[in-house]
Amino acid sequence: MYPLRRNRRLRANASIRSLVRENSITPNDFLVPLFVVEGKGVKDEIPSMPNYYRFSLDTLQAEVKLLWSLGLKAVLLFVKVDDNLKDNRGTEALNPNGLMQRAIKTIKNTCPDMLVMTDVALDPYSIYGHDGIIENGKIVNDTTVDVLAEMSVSHAEAGANFVAPSDMMDGRILSIREALEDHGFTNTGIMSYSAKYASSFYGPFRDALDSAPAAKDHIPKDKKTYQMDYANRFEALRETEMDIDEGADLVMVKPGLAYLDIIREVKNEFDVPVAAYQVSGEYAMIKAASEKGWLDHDQVMLETTMAFKRAGADSIASYFAKDVVKLLG
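Thresholds, definitions, all that
- Residues numbered from 1 in each chain as written.
- Predicted model: local features only at pLDDT ≥ 70, side-chain atom pairs only at ≥ 80, totals over all residues.
- Heavy atoms only, no water.
- Buried < 20%, exposed > 50% of the residue type's maximum accessible area, 1.4 Å probe, protein only.
- Helix = DSSP H or I, 4+ residues; strand = E, 2+ residues; numbered from the N terminus.
- Arc of directions from axis to C-beta.
- Contact = heavy atoms within 4.5 Å.
- Phe/Tyr/Trp six-rings, centres within 6.5 Å; stacked < 30°, edge-to-face > 60°.
- Lys NZ or Arg CZ within 6 Å of the ring centre and 35° of its normal.
- 1 Å grid on protein atoms, 1.4 Å probe; cavity = no way out; pocket = protein on both sides within 12 Å on 5 of 7 lines; lining within 4 Å.
- Points joined across faces, edges and corners; volume = space filled by probe spheres on them.
- Nonpolar A, V, L, I, M, F, W, Y, C, P; charged D, E, K, R; others polar.
- Axes fitted to C-alpha atoms, helices over the stretch in contact; angles between N-to-C directions.
- Parallel < 35°, antiparallel > 145°, perpendicular 65-115°, else oblique.
- Left-handed = near helix turned anticlockwise from the far one by under 90°.
- Pairing = 2+ DSSP bridges.
- Right-handed = clockwise from strand over helix to strand, strands pointing away.
- Core = buried A, V, L, I, M, F, W, Y, C linked by side-chain atoms within 4.5 Å.
- Patch = residues over 30% accessible without salt bridge, like charges linked within 9 Å, V, L, I, M, F, W, Y side chains within 5 Å.
- Areas by Shrake-Rupley, 256 points an atom, 1.4 Å probe, with all protein chains shown as cover.
- Salt bridge = Lys/Arg side-chain N within 4 Å of Asp/Glu carboxyl O.
- Lys, Arg positive; Asp, Glu negative; His and termini not counted.
- Charge placed at Lys NZ, Arg CZ, Asp CG, Glu CD.

All right, on to helix 8 (residues 260-269) then. Looking only at helix 8, the buried set comprises Ile262, Ile263, Glu265 and Val266. Down the axis of helix 8, the buried set is contained in an arc of 165°. They therefore lie on one face. Buried residues along helix 8 sit against strand 9 (189-196), helix 7 (234-246), strand 10 (250-254), strand 11 (274-278) and helix 10 (297-311).

Encoded structure:
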């Protein structure tokens, strides 16, 4: 008790603070999201995500080499599909020479040891911007799951190390795991977006991929019939438990900062690696506030990153990854 115990002794200077620090950040903590587009020589800044870019396959090679040189060893791939290739069933997602498949091969040819994770969802390929197939104005589950399983096999065939289903359809992890096993991809992992909430923090991401839900009378205007209600806590544990039982190797909570309690709940409950996604809206808010001079960009970036580690995340998908590791030196 005071005065025998004075907690401030352990905060007296930078050296003692570093010595007793409970969590730390290294390049090994990050998944780096990458946006890929068709074309040549493209490095296109995303307006709502300052200093973040869409890459064509040739410029993607240089970016991957830079990431590897910084010690960043894992990427999470997303593709922006041309409108003329979109339909209601995500047909282009199964094209063995599609943009995602070519992006996987490009990264593996450029940097064979880079861990490649791929987004598995239909929204980039859908004329309606939804993660599932629409029939009679509703998102149909089982038909969508069949396509997601085929999509996952296609990514594995192209060389993906992990597939990352982000759709929130029921039963998709089991179907994907069985499809991978049936095709001999026993070592291809699954990182499941197990607790993905119907959030308003995704706006800039949807701008980046032109994948927002369509505003049409017969089409659901949001994703609330399959993504989770942000008021719910225990539902996240049920979803995560089901995904683990069905074969998920890693689980993810998305978004991040507003859901740190969910990250901790999942980490406490399950003995599997837990990823968190610091989403586009979180990135954009910090960028905008720092541009106004209202926040110290670098310090807030580091503080929010540490929040994920403190909450229990083993890995963090973050648009700040490159900036953080540069700052840490």
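So, on to the packing of aromatic side chains. Evaluation of the coordinates by the stated rule reveals twelve aromatic pairs. Clustering of aromatic rings is evident, with ring pairs tying together Phe35, Tyr52, Phe78, Phe205, Tyr277, Tyr283, Tyr319 and Phe320. Across the ring face of phenylalanine 205, the terminal group of lysine 254 is positioned such that the distance to the ring centre comes to 5.1 Å.

Turning our eyes to something else, we now look at empty space enclosed by the protein. Applying the stated rule across the entire model yields six cavities of 30 Å³ or more. A per-class count over the lining of the largest cavity returns five nonpolar, three polar and seven charged. Roughly 90 Å³ of volume is contained in the second largest cavity. Lining the second largest cavity we find 13 residues, and of these Val32, Tyr52, Phe55, Glu63 and Lys322 sit closest to its centre.

Attention now moves to the packing of helix 7 against helix 8. Between helix 7 and helix 8, the least distance of the axes is 10 Å, while the angle of their chain directions is 45°. With respect to their mutual orientation, helix 7 and helix 8 come out oblique. The chirality of how helix 7 crosses helix 8 is right-handed. Residues Ala236, Leu237 and Thr240 of helix 7 touch helix 8, and the partners they reach there are Ile262, Glu265, Val266 and Glu269. Residues that form the contact of helix 7 with helix 8 fall into these classes: four nonpolar, one polar and two charged.

Turning our eyes to something else, we now look at the pairing of strand 11. For a regular strand, the rule is simple: side chains alternate between the two faces of the sheet. Summarising burial for strand 11: five of the five residues are buried, a large majority. Along strand 11, one buried face is formed by Val274, Ala276 and Gln278 and the opposite face, lined by Ala275 and Tyr277, is buried too. As judged from the three bridges shared by strand 10 and strand 11, these two strands associate in the parallel manner. Counted as the bridge partner of valine 253 is alanine 276 from strand 11. One crossover worth recording links strand 10 to the parallel strand 11 by way of helix 8, and it is right-handed. Pairing analysis gives four bridges linking strand 11 to strand 12 (residues 315-318), with the strands arranged parallel. Across the sheet, the residue bridging to alanine 276 is isoleucine 316, located in strand 12.

This next bit is on the nonpolar core. As a rule of thumb, soluble globular proteins bury nonpolar side chains together. The biggest cluster of nonpolar side chains holds 105 residues, and the ones touching the most others in it are Leu34, Phe35 and Tyr277. Broken down by element, this core gets its largest block of residues, eight residues, from helix 4 (residues 141-158).

The next thing to look at is a negative patch on the surface. On the surface, Asp142, Asp146, Glu150 and Asp170 cluster together into a patch of negative charge. Glutamate 150 sits in the partly exposed class, given a relative accessible area of 46%.

Burial along strand 12 is two-sided: Ser315 and Ala317 facing one way and Ile316 and Ser318 facing the other are all buried. Of the pairings in the sheet, the one linking strand 1 (residues 30-36) to strand 12 comprises two bridges and is parallel in character. The residue of strand 12 that forms the bridge with leucine 31 is alanine 317.

Running from N to C, helix 2 (residues 57-69) and helix 3 (residues 99-110) cross one another at 40°; their axes reach a closest spacing of 10 Å. Judged on the interaxial angle alone, helix 3 and helix 2 are oblique. Like other packed secondary-structure pairs, helix 2 and helix 3 cross with a definite hand, here right-handed. Contacts between helix 2 and helix 3 involve Leu57, Leu60, Gln61, Val64 and Lys65 from the former and Leu99, Arg102, Ala103, Thr106, Ile107 and Thr110 from the latter. Of the residues in the contact of helix 2 with helix 3, the class split is six nonpolar, three polar and two charged.

Enumeration over the complete set of coordinates arrives at 13 salt bridges. One salt bridge in this structure joins lysine 223 and aspartate 131, with 2.6 Å as the shortest N-O distance. With lysine 223 in the loop between helix 6 (203-209) and helix 7 and aspartate 131 in the loop between strand 5 (115-120) and strand 6 (133-135), the pair connects residues that are 92 residues apart, well separated along the chain. The same class applies to lysine 223 and to aspartate 131, which are both buried. Where arginine 177 meets glutamate 181, a salt bridge forms, and the shortest distance between an N and an O atom there is 3.1 Å. Taken as a pair, arginine 177 and glutamate 181 lie in helix 5 (residues 172-182) at a separation of four residues, close to a single helical turn. Classification of arginine 177 by relative accessible area gives buried; the value is 12%. Exposure remark for glutamate 181: the relative accessible area of 38% places this residue in the partly exposed category.

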